[in-house]
Amino acid sequence: MIREPQQKPPFFLLTGLVLGLVLGLIVAWMIWPPRVNEVSPANLAEPYQEQYRLMVALAYAASSDLGRAQARLALLGDSDPVRALSSQAQVALASNATQREARALAGLAEELGAYLASQEATAQAVNTPNPADQSGATPIESVGEGAAYFLDDQQLTCESVDAPPYLKIFIFDANHNPQAGVALTLSSEEGEAQFTTGQRPEMSPGYAEYPLTPGIAYSLSIQGVQILTGLQASACETEEGEAAWGSWLLLFNAEE
Amino acid sequence: MTRYTLFGITILLGFILAVYYGWVVRPVSVNDASPALLRQDFRADYVLMLAEAYQADHNVERAVAAFAFLGSQGERYNPYVFASEALAFGTENGYSVADLELLQELQLALLEFNPTFAPTPTP
């Protein structure tokens, strides 16, 4: 009996492909990399980056345009531009010949540091609940023409310090049954969000919720008709007496 | 087609794929470039920074020294040419009038400082 020669898989093709890939990568990355003609300040070698940073500081010392200086520094891609400026200022300070440079670098570091700190403080003030501040305590009812629903009740519920502020809406039809599929629109300066009741049926078919961003004023429309304006995340105190963001609980009933 | 021909074709195919990957998809990153390779808008902005600093101290020598940052190898170092290029770029790309005036002021100061900076007309 004659045995047929066993067919071997074409491993040589795979070997050739791998060999070609390795050779190609060596050529593309090491022997003949693409010629770079245009780079940004972030791609410069460190001494050149220092010279660029110094020039930003000298230009700022002349113009006092902090926004422009900040934009220019951002091109260097420093993770902490203030620290980079301060370190360079300290090095410059060590030499008598570079006192002017040191002053410019330190001046920009100080101004930029103060500006960033004030920005951070403002953001923190907006995002930290303060129960004493009741500026956004009550949404204003502003019923548009042809409204099919009216606000029956509103409550600020204070759950826990960690819970983010929410808008929680319950909608009932004329027979006082929870109503699913009611279109809601929450508008603010940041844009418009559309959602419907019934997306969390475990709560109620007539329930809908949406997270609120502290410091932003919203207006609420039901079925395209504005119902409330001046809706904001409000601060409250939990049972333990801790400051927290409360959630607005709004109950709407259909007009009979 | 012989095995050797097929082997050669697969090497070539792998080579082409790898070169495409290495040049187009993921080219080597540049971390220690010279300022001579800076993109034109960054070069123009650097000159504008120089012009802003010059406006404060009117020290041309200092400005000329700072122009060395942009000098490229094998090219005649000429601050006036760099300032002219920045001014042309700023004019074409909508720099504010105030910025263009700063660049112009620096350009003139460079020429007054060293008249040989002026480019010689080509015959």
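The shown structure was predicted, so the numbers you read here are calculated from the model rather than taken from an experiment.

Before going further, it helps to examine the overall build of chain B. What chain B contains, in helices and strands, is 5 helices and 0 strands. Classification of the 123 residues of chain B by burial places 34% in the buried group. Of all intrachain contacts in chain B linking residues separated by at least 6 positions in sequence, the fraction that spans at least 24 positions is 65%.

Residues and elements named next belong to chain A. The first and last C-alpha atoms of helix H4 (residues 81-93) sit 18 Å apart over 13 residues, in line with the 18 Å expected at 1.5 Å per residue. All of the buried residues in H4 are Pro-81, Leu-85, Gln-88, Ala-89 and Ala-92. An end-on view of H4 places all buried positions within 105 degrees of arc, on one side of the element.

Next up on the list: unusual backbone geometry. Residues and elements named next belong to chain A. We note that Ser-64 has phi near 60 degrees; this positive angle belongs to a residue other than glycine. Among the structural elements, Ser-64 can be located in the loop between helix H2 (46-63) and helix H3 (66-74). Overall, the presence of 11 C-beta atoms within 10 Å leaves Ser-64 in the exposed class. Backbone geometry at His-176 places phi at a positive 65 degrees, although glycine is not the residue there. Tracing the backbone shows His-176 in the loop between strand S3 (166-172) and strand S4 (183-188). C-beta crowding within 10 Å serves as the criterion here: with 10 such atoms nearby, His-176 is assigned to the exposed category.

The next point concerns the sheet that holds strand S2 (residues 149-157) of chain A. All names here are of chain A. The strand order S2-S11-S3-S6 describes an open sheet built from 4 strands, whose pairing is mixed. Sheet topology places S2 and strand S6 (207-211) at the edges, where each strand pairs with a single neighbour. Across this sheet, the average inter-strand angle for adjacent strands is 20 degrees, counted without regard to direction. The pairing of S3 with S6 spans 5 bridges and is antiparallel. The residue bridging Tyr-166 from the neighbouring strand is Pro-211, located in S6.

When pLDDT is averaged along chain A, the result is 84, and 87% of the positions lie at 70 or above. By mean pLDDT, strand S1 (residues 140-141) of chain A is the weakest element of chain A at 65, and H2(A) is the strongest at 94.

This next bit is on the nonpolar core. Of all hydrophobic cores here, the largest spans 46 residues; its most connected members are Met55(A), Ala57(A), Val47(B), Leu50(B) and Leu106(B). At the level of secondary structure, the elements contributing two or more residues to this core comprise H2, H3, H4 and helix H5 (99-127) of chain A together with helix H2 (40-57), helix H3 (60-67), helix H4 (79-92) and helix H5 (97-113) of chain B. Considering each element in turn, this core owes the most residues, 10 residues, to H2(B). Apart from residues lying up to four places away in sequence, Val47(B) is in contact with Phe82(B), Ala83(B), Ala86(B) and Leu103(B). If you look at the next biggest cluster of nonpolar residues, it comprises 24 residues, including Phe170(A), Val182(A), Leu186(A) and Ala233(A).

Looking now at H5(B). All names here are of chain B. The end-to-end C-alpha distance of H5, which contains 17 residues, comes to 24 Å, matching closely the 24 Å that a straight helix rising 1.5 Å per residue would cover. Among all positions of H5, only Asp-99, Leu-102, Leu-103, Leu-106, Gln-107, Ala-109 and Leu-110 are buried. End-on view of H5: buried residues confined to an arc of 165 degrees, all on one side of the axis. The exposed residues of H5 that point more than 90 degrees off its buried face are Val-97, Ala-98, Leu-108 and Glu-112. Structurally, H5 contributes buried residues whose contacts are with H2, H3 and H4.

What follows deals with the environment of Leu100(B). Residue and element names in this part refer to chain B. Following the sequence through the fold, Leu-100 ends up in helix H5. In this structure Leu-100 comes out as partly exposed when scored by C-beta crowding, with 17 C-beta atoms within 10 Å. Along the backbone, Leu-100 and Ala-88 are 12 residues apart, and their C-alpha atoms lie at a distance of 9.2 Å.

The subject of this paragraph is the packing of H2(A) against H2(B). What describes two packed helices is the angle between their axes and the distance between those same axes. Running from N to C, H2(A) and H2(B) point in directions that differ by 45 degrees, and their axes come no closer than 8 Å. Relative to H2(B), the element H2(A) lies oblique. Like other packed secondary-structure pairs, H2(A) and H2(B) cross with a definite hand, here left-handed. On H2(B), the residues that touch Met55(A), Val56(A), Leu58(A), Ala59(A), Ala61(A), Ala62(A) and Ser63(A) of H2(A) are Tyr46(B), Met49(B), Leu50(B), Glu52(B), Ala53(B), Gln55(B) and Ala56(B). Considering only residue class, the contact of H2(A) with H2(B) consists of 11 nonpolar, 2 polar and 1 charged.

Rules used in this analysis
Residues numbered from 1 in each chain as written. Chains lettered and ligands numbered in written order. Predicted model: local features only at pLDDT ≥ 70, side-chain atom pairs only at ≥ 80, totals over all residues. Helix = DSSP H or I, 4+ residues; strand = E, 2+ residues; numbered from the N terminus. Buried ≥ 20, exposed ≤ 12 C-beta atoms within 10 Å, placed from the backbone. Contact = placed C-beta atoms within 7 Å. Expected span 1.5 Å × (residues − 1). Arc of directions from axis to C-beta. Pairing = 2+ DSSP bridges. Axes fitted to C-alpha atoms, helices over the stretch in contact; angles between N-to-C directions. pLDDT = per-residue confidence, 0-100. Core = buried A, V, L, I, M, F, W, Y, C linked by C-beta atoms within 7 Å. Parallel < 35°, antiparallel > 145°, perpendicular 65-115°, else oblique. Left-handed = near helix turned anticlockwise from the far one by under 90°. Nonpolar A, V, L, I, M, F, W, Y, C, P; charged D, E, K, R; others polar.

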